[in-house]
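Fold and contact review
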Amino acid sequence: MRWPDTGLIMARSNDIKAVGQALTLAARRHRAYMAALLAEIGLFPGQDQVLQLLADDDGVTMTAIADALRIKPPTASKMIARMAAQGLLERRGIEDDARRVAVFITAEGSSRIDELRRTAKKVEKQALVGLDDKDIRRLRRLLKKVAKNLGDTSIETMVEDLEPEA
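Residues numbered from 1 in each chain as written. Predicted model: local features only at pLDDT ≥ 70, side-chain atom pairs only at ≥ 80, totals over all residues. Heavy atoms only, no water.

**Side note on the nonpolar core**
Formed by 24 residues in total, the largest nonpolar core has its most connected members in Val50, Leu51, Ile65 and Leu89. Elements with a contribution of two residues or more to this core: α1 (19-40), α2 (47-56), α3 (62-69), α4 (73-85), β3 (97-105) and α5 (107-127). Beyond its immediate chain neighbours, meaning those up to four positions away, Ile65 contacts Val50, Leu53, Val60, Ala76, Ile80 and Val103. (Core = buried A, V, L, I, M, F, W, Y, C linked by side-chain atoms within 4.5 Å. Buried < 20%, exposed > 50% of the residue type's maximum accessible area, 1.4 Å probe, protein only. Helix = DSSP H or I, 4+ residues; strand = E, 2+ residues; numbered from the N terminus. Contact = heavy atoms within 4.5 Å.)

**So, the packing of α2 against α3**
Viewed as axis vectors pointing N to C, α2 and α3 meet at an angle of 120 degrees, and their least axial separation amounts to 11 Å. As the angle between them shows, α2 and α3 are arranged oblique. Here the hand of the crossing between α2 and α3 comes out right-handed. Along its contact with α2, which presents Gln49, Val50 and Leu53, the element α3 presents Ile65, Ala68 and Leu69. Classifying every residue of the contact of α2 with α3 gives five nonpolar, one polar and no charged. (Axes fitted to C-alpha atoms, helices over the stretch in contact; angles between N-to-C directions. Parallel < 35°, antiparallel > 145°, perpendicular 65-115°, else oblique. Left-handed = near helix turned anticlockwise from the far one by under 90°. Nonpolar A, V, L, I, M, F, W, Y, C, P; charged D, E, K, R; others polar.)

**Some remarks on the pairing of strand β2 (residues 89-94)**
Examined bridge by bridge, β2 and β3 share six bridges and lie antiparallel to one another. By the bridge assignment for β3, Glu90 is matched with Phe104. (Pairing = 2+ DSSP bridges.)

**What about the packing of α1 against α5?**
Two elements in contact, α1 and α5, have axes whose closest approach is 10 Å; the angle formed by their N-to-C orientations is 145 degrees. Viewed along their axes, α1 and α5 form a crossing whose handedness is right-handed. Only Leu116, Thr119, Ala120, Lys122, Val123 and Gln126 of α5 make contact with α1, whose side of the interface consists of His30, Tyr33, Met34, Leu37 and Leu38. Taken together, the residues of the contact of α1 with α5 break down into seven nonpolar, three polar and one charged.

**Observations regarding the packing of aromatic side chains**
The tally for this structure, following the rule as stated, stands at zero aromatic pairs. Over the ring of Phe44 we find Arg82; its NZ or CZ atom is 3.8 Å from the centre of that ring. Seen from the ring of Phe104, Arg92 lies directly overhead, with NZ or CZ sitting 3.8 Å from the centre. (Phe/Tyr/Trp six-rings, centres within 6.5 Å; stacked < 30°, edge-to-face > 60°. Lys NZ or Arg CZ within 6 Å of the ring centre and 35° of its normal.)

**A few points about unusual backbone geometry**
Unlike most non-glycine residues, Arg70 shows phi in positive territory, near 55 degrees. Mapped onto the elements, Arg70 comes out in the loop between α3 and α4. Judged by relative accessible area, which is 78%, Arg70 ranks as exposed.

**Describing the environment of Ile105**
Structurally, Ile105 can be placed in strand β3. We classify Ile105 as buried; its relative accessible area is 13%. Sequence separation between Ile105 and Leu88 is 17 residues; the distance between their C-alpha atoms is 6.2 Å. Once residues within four sequence positions are removed from consideration, Ile105 is found in contact with Leu51, Leu54, Asp58, Leu88, Leu89, Ser110 and Ile113.

**Here's the deal with a nonpolar patch on the surface**
A surface patch of nonpolar side chains, about 530 Å² in accessible area, is lined by Val19, Leu23, Leu131, Leu139, Leu143, Val146 and Leu150. Where the nonpolar patch is concerned, the elements lending two or more residues are α1 and α6 (133-151). Ranked by residue count, the leading element in the nonpolar patch is α6, at four residues. For Leu23, the location among the structural elements is in helix α1. (Patch = residues over 30% accessible without salt bridge, like charges linked within 9 Å, V, L, I, M, F, W, Y side chains within 5 Å. Areas by Shrake-Rupley, 256 points an atom, 1.4 Å probe, with all protein chains shown as cover. Salt bridge = Lys/Arg side-chain N within 4 Å of Asp/Glu carboxyl O.)

Structural data, given as structure tokens:
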């Protein structure tokens, strides 16, 4: 399978030789498994992160939500509108600045938090089958290193680095 606009070829799951391909496959399968379990409790991917954010810090601005989820504000706005329509949260004007809006979790949204946390634990447990505590600590440490290594790199630089030299 070819990634659009990069010229990179993605190997099938039974032919994984590069670490990046293994990470991509694991991330996709994690996301698909999580999405299936979220659907069982009436949520869509991404909504879980919003509910967890608001459960920890209720009354967050749209900008703060977009920043925390690393998405663009219009995307956050659409997600919040959909979740408000589901009765999971509500938007209210901020008292000292009527132009700004904060997002608050509703009783219905709060009622999903425990289910959401159980779902996340179930996904993690499944993902780590066959790994002992030492493997899990090592995996967590290595993934943090990989994330840190890639954290300061822009997507343009990554694509340039992957292009064959002339």
